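# A look at the structure
Here are the chains, one letter per residue:
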Amino acid sequence: DALPIWSPAPVQAMRAAARALMKVFVTRRIPPEGQRLLAEAGTCDIQQWDSDEPIPRPELLKGVAGSHGLLCLLSDKVDKEVLDAAGPDLKVISTLSGGFDHLSLEEIKTRGIRVGYTPDALTDATAELAVALLLATCRRLLEAADMVKNGGWKTWAPLWMCGYGLSESTVGIVGLGRSEEQT
């Protein structure tokens, strides 16, 4: 039996595949669903700043170098300096936020980089929080909780911290945004 002859073709194919792998830099821990989706994409080498705290600027500049994609948050200022640090391979920026004020859109546009954001991701949560704050304010909930914590509540009293009732009231939020439409 002859021994198989070694061929460089599989090694070359592996090297080509490694070069084709897209580097994506993620600037913060993201929800498990997002991590799963990135991992399932299979064509990404995902590098992530492993913290719930914002990434320090020097680490952002270092981490984004050579990236094809950047997944950032609203606390990450993506400006000319970051884009220069990323280099010419950066093709897409996605921000895990409803807004994009932290992105230098003109500079990004001149480089032909695509941008994605999540405009409706927090609409319902924002509307729900607004209603919760309205109810807490009407019923003096936070004030009453502080009194209980600090020993100010001794016994029940018919008029103590009652606030305003909402029976037979119309309550809403006036505005033109997505959150106001949800309430």
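Here the residue numbers are simple positions, counted from 1 along each chain's written sequence. Owing to the predicted nature of the model, reporting of local features is limited to residues with pLDDT of at least 70; listing and counting of side-chain atom pairs is limited to 80 or more, with chain, interface and lining totals taken over all residues. Here the side-chain values reflect all heavy atoms present in the structure, with hydrogen atoms and water set aside.

### Quick word on the pairing of strand S1 (residues 22-26)
Rules: Relative accessibility thresholds used throughout: buried, under 20% of the residue-type maximum; exposed, over 50%; partly exposed, between the two (1.4 Å probe, protein chains only). Numbered from the N terminus, helices here are DSSP runs of H or I no shorter than four residues, and strands are runs of E no shorter than two. Pairing between strands is defined by DSSP: at least two bridges between the two strands are required. Note on handedness: a clockwise path from strand one over the helix to strand two, with the strands aimed away from the viewer, defines a right-handed crossover.
The buried fraction of S1 amounts to 4 of the 5 residues, a majority that puts the element mostly inside the structure. Strand direction decides the pairing type here: S1 and strand S2 (residues 44-48), joined by 5 bridges, are parallel. In the strand pairing of S2, Met-22 is matched with Cys-44. For the segment spanning S1, helix H2 (residues 32-41) and S2, crossover handedness is right-handed.

### A look at unusual backbone geometry
A positive phi angle is found at Arg-140, which is not glycine, with a value near 55°. As for its placement among the helices and strands, Arg-140 is situated in the loop between helix H6 (123-138) and helix H7 (141-149). We note that Glu-168 has phi near 60°; this positive angle belongs to a residue other than glycine.

### Structural notes on the sheet that holds S1
Cut-off, in case you're wondering: Geometry is summarised by axes, namely lines fitted to C-alpha atoms with helices restricted to the contacting stretch, and by angles between N-to-C directions that run from 0 to 180 degrees. What makes two residues a contact is simply this: any of their non-hydrogen atoms within 4.5 Å.
One open sheet accounts for 5 strands, arranged S2-S1-S3-S4-S5; its pairing is parallel. Either end of the sheet is taken by a strand with one partner, and the two such strands are S2 and strand S5 (114-116). Averaged over all neighbouring strand pairs, the angle between strand axes comes to 15°, with direction disregarded. Helix-sheet contacts for helix H3 (residues 57-64) involve S1 and strand S3 (69-72), and the interaxial angle to S1 is about 165°.

### Describing the pattern of salt bridges
Note the threshold: Here, a salt bridge means any Lys or Arg side-chain nitrogen found within 4 Å of an Asp or Glu carboxyl oxygen.
Across all of its chains, the model carries 10 salt bridges by this definition. Put simply, Arg-57 and Glu-81 hold a salt bridge, and the shortest N to O gap is 2.9 Å. Of this pair, Arg-57 sits in helix H3 while Glu-81 sits in helix H4 (residues 80-86); the two residues are 24 residues apart in sequence, bridging distant segments of the chain. Given the relative accessible area of 26%, Arg-57 is considered partly exposed. For Arg-111, the salt bridge goes to Glu-107, with nearest N and O atoms at 2.9 Å. Owing to a relative accessible area of 24%, Glu-107 belongs among the partly exposed residues under this scheme.

### Some points on the packing of aromatic side chains
Using the following cut-off: In this analysis, rings of Phe, Tyr and Trp, with Trp reduced to its six-membered ring, are considered paired at centre separations within 6.5 Å, and the interplanar angle assigns stacked below 30 degrees, edge-to-face beyond 60, and tilted for intermediate values.
Counted according to the given criterion, the structure contains 2 aromatic pairs. Taking 5.0 Å as the distance between ring centres and 80° as the angle between the ring planes, the aromatic pair formed by Phe-100 and Tyr-117 counts as edge-to-face. In this pair, Phe-100 is assigned in the loop between strand S4 (92-95) and helix H5 (105-110) and Tyr-117 in the loop between S5 and H6, connecting sequence segments 17 residues apart. Note on Phe-100: relative accessible area 31%, which makes it partly exposed. Tyr-117 gets classed as partly exposed once you look at its relative accessible area, which sits at 38%.

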